[in-house]
Amino acid sequence: MSAFKLILSDIREGILRNKRYILVPILCLFECMSADINLNMFKAYGGIKSPTTFLDLIAELFHGCDPITKAPDPSTVIALPYFWIALFVFAVFINFDYMHNDLTQFGIQVLTRSRKRGAWWGAKCVWCIASGVWFYVLFLLTALLFSVLNGYDITFTNTPDILTITADRSVVYLFKGAPDLTVLQRVWLLLAPMLVLCTLNMLQMLLCLFCKPMYSYLISIGVLMFGVLDDTPAAFSRCAMTTRSDWFYEEAYPAMTGMWICLGLIAAVIIAGALYFKRYDILPDKESVSYTHLTLPTNSRV
């Protein structure tokens, strides 16, 4: 089987036939409703008459929170971004067991017949990134439909007054003000969550070569939550907290550094996985052996 056919097979089985994606628009709808309530409150509080834009909605959906470990005072309570966490927890969950299931079932036949381990791993990497992109596309399309139905301006700009209130909610950092975002910054605002999601998916897939899917999933969630707790450069999940970056605050998480960390991690996973998979034992473990292999012959006596 060629590499192209392997990629098509993974996309068909791991994405197009994955029924978990049906829940993505539902999750997005609830998140958009919550963000819409907040935006309306901000506008009423600030007496803002300007229309809300689609990019304002995205900024509110992914505003995130301050790092909990840097609360200025023990009595200061930093609220967890529950909707933000729920989004990524579910996004990582959608495909957490696909590679393991494929590797212990039909994937073994493909590997033993084709003997193309590099092509098999490369196809899985393409599928893993494509699954993150597809999740985010579904999410954005649902948010876009919500914006149209609620009278938002469908433009690739922010409303400065709304963005100022949306961003200025930190008790840790010094707010610099909502800048007049450049095209690059707007693209970052829109696509940074997708980059973080793809990075988490890739890390989880690599971990599946060393441990069971549930453990790899929990480790990935731990990496995600590290960005909620701290703002060191290693906490790359803070890239998906789009209004908590150094574009808006003094000494906040560096947006561009986080981007390069994500891209570097994706590249490292591809290379490390390819090297390790060359000597990976593809024989199924005891738990994956079907009980049909243990049945007695029909003419045997007990």
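Residues numbered from 1 in each chain as written. Predicted model: local features only at pLDDT ≥ 70, side-chain atom pairs only at ≥ 80, totals over all residues. Heavy atoms only, no water.

### A word on the packing of helix H3 (residues 54–61) against helix H9 (residues 183–207)
Okay, step 1: Contact pair H3 / H9: the axes reach a minimum separation of 9 Å and the direction vectors enclose 55°. One element, H3, and the other, H9, form an angle in the oblique class. Considering only the axes of H3 and H9, their crossing is left-handed. In contact with Phe54, Leu55, Ile58 and Ala59 of H3, H9 contributes Arg186, Leu189 and Leu190.
Okay, step 2: When its residues are assigned to classes, the contact of H3 with H9 shows six nonpolar, no polar and one charged. (Axes fitted to C-alpha atoms, helices over the stretch in contact; angles between N-to-C directions. Helix = DSSP H or I, 4+ residues; strand = E, 2+ residues; numbered from the N terminus. Parallel < 35°, antiparallel > 145°, perpendicular 65-115°, else oblique. Left-handed = near helix turned anticlockwise from the far one by under 90°. Contact = heavy atoms within 4.5 Å. Nonpolar A, V, L, I, M, F, W, Y, C, P; charged D, E, K, R; others polar.)

### Comments concerning H3
Okay, step 1: Most of H3 is tucked away: eight of the eight residues are buried.
Okay, step 2: Here H3 has its buried residues at Phe54, Leu55, Asp56, Leu57, Ile58, Ala59, Glu60 and Leu61. (Buried < 20%, exposed > 50% of the residue type's maximum accessible area, 1.4 Å probe, protein only.)

### Let's talk about unusual backbone geometry
Okay, step 1: In this structure, Glu251 is a non-glycine residue whose phi angle is positive, near 60°.
Okay, step 2: Within the secondary structure, Glu251 sits in the loop between strand S2 (249–250) and helix H11 (255–277).

### What about the packing of aromatic side chains?
Okay, step 1: Scanning all chains against the criterion turns up 18 aromatic pairs.
Okay, step 2: Pairing Phe62 with Tyr136 gives two aromatic rings, centres 6.2 Å apart and planes at 50°, and the pair type is tilted. A residue pair is termed long-range when its members are at least 10 positions apart, and Phe62 in the loop between H3 and helix H4 (82–93) and Tyr136 in helix H7 (residues 117–149) qualify at 74 residues. Considered together, Phe62 and Tyr136 belong to a single accessibility category, that of buried residues.
Okay, step 3: With a centroid separation of 5.6 Å and 50° between ring planes, the pair formed by Phe96 and Tyr217 is classed as tilted. A residue pair is termed long-range when its members are at least 10 positions apart, and Phe96 in the loop between H4 and helix H5 (98–103) and Tyr217 in helix H10 (residues 213–229) qualify at 121 residues. The same class applies to Phe96 and to Tyr217, which are both buried. (Phe/Tyr/Trp six-rings, centres within 6.5 Å; stacked < 30°, edge-to-face > 60°.)

### Some points on the confidence of the model for the protein
Okay, step 1: On average, residues of the protein carry a pLDDT of 86, and 88% of them reach 70 or more.
Okay, step 2: Residue range residues 286–302 is modelled with pLDDT below 50. Its contacts to residues more than four positions away, or to other chains, number three contacts. (pLDDT = per-residue confidence, 0-100.)

### A closer look at H4
Okay, step 1: If you check H4, its first and last C-alpha atoms are 16 Å apart, about what 12 residues at 1.5 Å a residue would give, namely 16 Å.
Okay, step 2: Buried residues belonging to H4 abut helix H2 (23–46), H3, H7, H9 and H10. (Expected span 1.5 Å × (residues − 1).)

### Notes on the side chain of Thr159
Okay, step 1: Examined against the element boundaries, Thr159 turns out to sit in the loop between H7 and helix H8 (160–167).
Okay, step 2: The exposure class of Thr159 is buried, given its relative accessible area of 9%.
Okay, step 3: A distance of 3.0 Å separates a polar atom in the side chain of Thr159 from the backbone oxygen of Pro51.
Okay, step 4: Once residues lying within four places of it in the same chain are set aside, the contact partners of Thr159 are Ser50, Pro51, Thr53 and Asp56. (Polar contact = N/O pair within 3.5 Å; in protein donor to acceptor, adjacent residues only side chain to side chain.)

### Points about the side chain of Asp56
Okay, step 1: Assignment of secondary structure puts Asp56 in helix H3.
Okay, step 2: Despite its burial, Asp56 pairs with no opposite charge, the nearest such side chain being Lys43 at 7.6 Å.
Okay, step 3: A polar contact of 3.0 Å, which involves the side chain of Asp56, links it to the side chain of Thr159.
Okay, step 4: The contact partners of Asp56, leaving out residues within four places of it in the chain, are Leu39, Pro51, Asn158, Thr159 and Ile162. (Lys, Arg positive; Asp, Glu negative; His and termini not counted. Salt bridge = Lys/Arg side-chain N within 4 Å of Asp/Glu carboxyl O.)

### Notes on a nonpolar patch on the surface
Okay, step 1: Judged by side-chain polarity, Leu23, Ile26, Leu29, Phe30, Met33 and Phe83 come together as a nonpolar surface patch covering roughly 560 Å² of accessible area.
Okay, step 2: Element by element, the count of residues in the nonpolar patch is highest for H2, at five residues.
Okay, step 3: By relative accessible area, which is 43% here, Leu23 ends up partly exposed. (Patch = residues over 30% accessible without salt bridge, like charges linked within 9 Å, V, L, I, M, F, W, Y side chains within 5 Å. Areas by Shrake-Rupley, 256 points an atom, 1.4 Å probe, with all protein chains shown as cover.)

### With respect to the packing of H2 against H3
Okay, step 1: Across the interface, H2 lies against H3 with an axial gap of 9 Å and an inter-helix angle of 105°. With respect to H3, the element H2 is oriented roughly perpendicular. Across the interface between the two elements, Glu31, Cys32, Ala35, Asn38, Leu39 and Phe42 of H2 pack against Asp56, Leu57, Glu60 and Leu61 of H3.
Okay, step 2: A breakdown of the residues in the contact of H2 with H3 according to their chemical character gives six nonpolar, one polar and three charged.

### Focus: the pattern of salt bridges
Okay, step 1: Per the counting criterion, the structure on display carries seven salt bridges.
Okay, step 2: Measuring nitrogen to oxygen at the nearest pair gives 2.7 Å for the salt bridge that ties Arg169 to Glu60. Taken as a pair, Arg169 in the loop between H8 and strand S1 (174–175) and Glu60 in helix H3 lie far apart in primary sequence, 109 residues in all.
Okay, step 3: One salt bridge connects Asp231 with Lys70, and the closest N-O pair in it is separated by 2.7 Å. Separated by 161 residues along the polypeptide, Asp231 in the loop between H10 and S2 and Lys70 in the loop between H3 and H4 bring together distant segments of the chain.
Okay, step 4: Overall, Asp231 belongs to the buried group, its relative accessible area being 9%.
Okay, step 5: The network of salt bridges with common partners includes Arg12, Glu13 and Arg17.

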